[in-house]
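Structural characterization, general
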Amino acid sequence: MLPSATVPAICYKSATGPSTNPQRAFHAYRAARQHYPWLIVICPRSIVHCQLLIARSLLTLPTMSRFNLADNINMLSKLTFRRVWNATKVFSSFYWSKWTKRAVQWGMPVSISFEPTTSCNLRCPECPSGLRAFSRPTGMLRKDFFTETIDQLHRDLFYLVFYFQGEPYLNPNFLDMVSYASSKKIYTATSTNAHYMTEANARRTVESGLDRLIISIDGTTQEVYQQYRVGGRLDKVIQGAKNIVQAKKELKSKTPFIIFQFLVVKPNEHQIEEVKALGKEIGVDDVWFKTAQVYDYETDPNRLIPTIDKFSRYKKTDTGTVFKGNITNQCWRLWHDPVITWDGLVAPCCFDKDAQHKLGDLKQKSFKEVWQNGEYKAFRTKLLHGRKNIDICANCSEGTKVWG
Ligand code: SF4
C-alpha cells in the first residue's frame, strides 16, 4: 500500500507520453508496479492537476452551485493548512477507492450536515417532515451534544450545513449553535422557510456569524407558493427576507450570503423570471433554481415534474418516465459529507431522510470510530460494487446537475 500522501500525485510516463489524467495514470502505474514494486513516480503536472481538482471540490460542496466573489473569498478564508491537508486525504481516499474498488478513508469529513430539528411548520408533499412520516424518533438537537461533536471535528471540518429535515429556526438554541461553529472558523450555512425571520431573529442571525442563508421561496404568488409549501404564507417569507437584508445593512455585515432558492416544479415553472425580479427588488444576493427530486417519478402523483427540460431530473421515454442521471458506482458525498441527525445517528447522506442506513450512533461511539468503522466501510464497499442495488442511491442526484 502506498502512503496516502503520494496517491494524488502519482503519474506514470507511459509510451504515449506523460499522462495527467489521474485514472489513466493510475492504471498505467498499477501495471508498471507489477514489474517494479518499488516504483513511485511524481509528476509536477499531476500535482497541479490534483490540487486543482481538490480546490474545485471544495468550492462545489453540495449546497453550493454558483460562483460569487465575496462569498468565495469568505469561504476560502476558512481554510487552514490542516483542513486543506485533510481534504487532500479525503480526496485521495475517494479516488483510490474508486479505482481499486476497495473502500478506504484516510481523512475526516470535509463537510457535515447537522440536523437542528425534525419539526416543521409546513406540510410540503415530498418531505417526510412535512408529512409527519418519520419512522425514526423526532426531536430537537441539544446544544451540549452539538458542541461535543464539533469539538471532535472542527480542526478538519471546513463546511457545516445546519439542515437536514425540519425548520432550523424552530430549535430555540439554533443560533447559539451557529455562533459556536462560527467561533471555530467553520463556514456555516442553513436553509429556512423564513417564517420565523422576525426583525429580532434577523439581527441575531447576522450576529451569529452565519455565512450563508438559503431561503426557500417556491412561488411569487400565494396561490402558487402554497401548492408545494403547503400551509406556508408568502408574505411572511418576503417580510423575513426583507428583515435579514435590512439587518445586514444595519450591522454593516457582509454575511450571511442570502440566496433565494426556487425549487422548480410544474405549478411554479412559469414564475422563474418573476422570482428573479423579486429577489432583485428585495436585495438578496442571488437567486438559485433547483431541480426537484420526485420519489414516485414514474407516476408523479402530485404532478410536480416540470415541463421545462432543463429543470427536470427526469425525462419521458417510450417505456415511461426515467431518471436522467448517470448512475455510476461512485459517490463523492459518501466520502466527504455525512449527516448527523438530531439524536446522534450518522447517516450516509441527506437522501437517507429517515436514517434507514444507520452507520453509527454518536451516543455510543466517537465520530472517528463511526467514520472508519465496519458499517461505514461496508456501505462504501457496497456502493463501489453496485450503487443501483442500494434503495436510496438509485434515485439520487449525486453526479447529476441539480441546479438550473
Ligand atoms: S443516496 Fe447513495 S449515491 Fe446518493 S449521495 Fe447518498 S450515498 Fe451517495
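Everything numeric in this text was worked out from a predicted model, so none of it was measured. (Residues numbered from 1 in each chain as written. Predicted model: local features only at pLDDT ≥ 70, side-chain atom pairs only at ≥ 80, totals over all residues.)

1. Considering helix α6 (residues 174-183)
- Along α6, the residues classified as buried are Phe-174, Leu-175, Met-177, Val-178, Tyr-180 and Ala-181.
- Residues of α6 that are buried sit in contact with α5 (143-153), β4 (159-162), β5 (187-192) and α7 (199-208).
- Once α6 finishes, Lys-185 follows within two positions and takes phi at roughly 60°, a positive value. (Buried ≥ 20, exposed ≤ 12 C-beta atoms within 10 Å, placed from the backbone. Helix = DSSP H or I, 4+ residues; strand = E, 2+ residues; numbered from the N terminus. Contact = placed C-beta atoms within 7 Å.)

2. Concerning the environment of Arg-233
- Looking at the element boundaries, Arg-233 is found in the loop between α8 (222-228) and α9 (234-250).
- Sequence-wise, Arg-233 and Asn-193 are 40 residues apart; in three dimensions their C-alpha atoms are separated by 9.6 Å.

3. What to know about the packing of α6 against α7
- Put simply, α6 and α7 touch, their axes get as near as 8 Å, and they point 20° apart. Judged by the angle between their axes, α6 and α7 are roughly parallel. Where α6 crosses over α7, the handedness of that crossing is right-handed. Packed against α6, whose contacting residues are Leu-175, Val-178, Ser-179 and Ser-182, the element α7 presents Arg-204, Thr-205 and Ser-208 at the interface.
- Class assignment for the residues of the contact of α6 with α7 results in two nonpolar, four polar and one charged. (Axes fitted to C-alpha atoms, helices over the stretch in contact; angles between N-to-C directions. Parallel < 35°, antiparallel > 145°, perpendicular 65-115°, else oblique. Left-handed = near helix turned anticlockwise from the far one by under 90°. Nonpolar A, V, L, I, M, F, W, Y, C, P; charged D, E, K, R; others polar.)

4. Things to note about the sheet that holds strand β8 (residues 286-291)
- Strand order in this open sheet of nine strands is β8-β7-β6-β5-β4-β3-β11-β12-β13, and the pairing throughout is mixed. A single partner strand is all that each edge strand has here, and the edge strands are β8 and β13 (360-361). (Pairing = 2+ DSSP bridges.)

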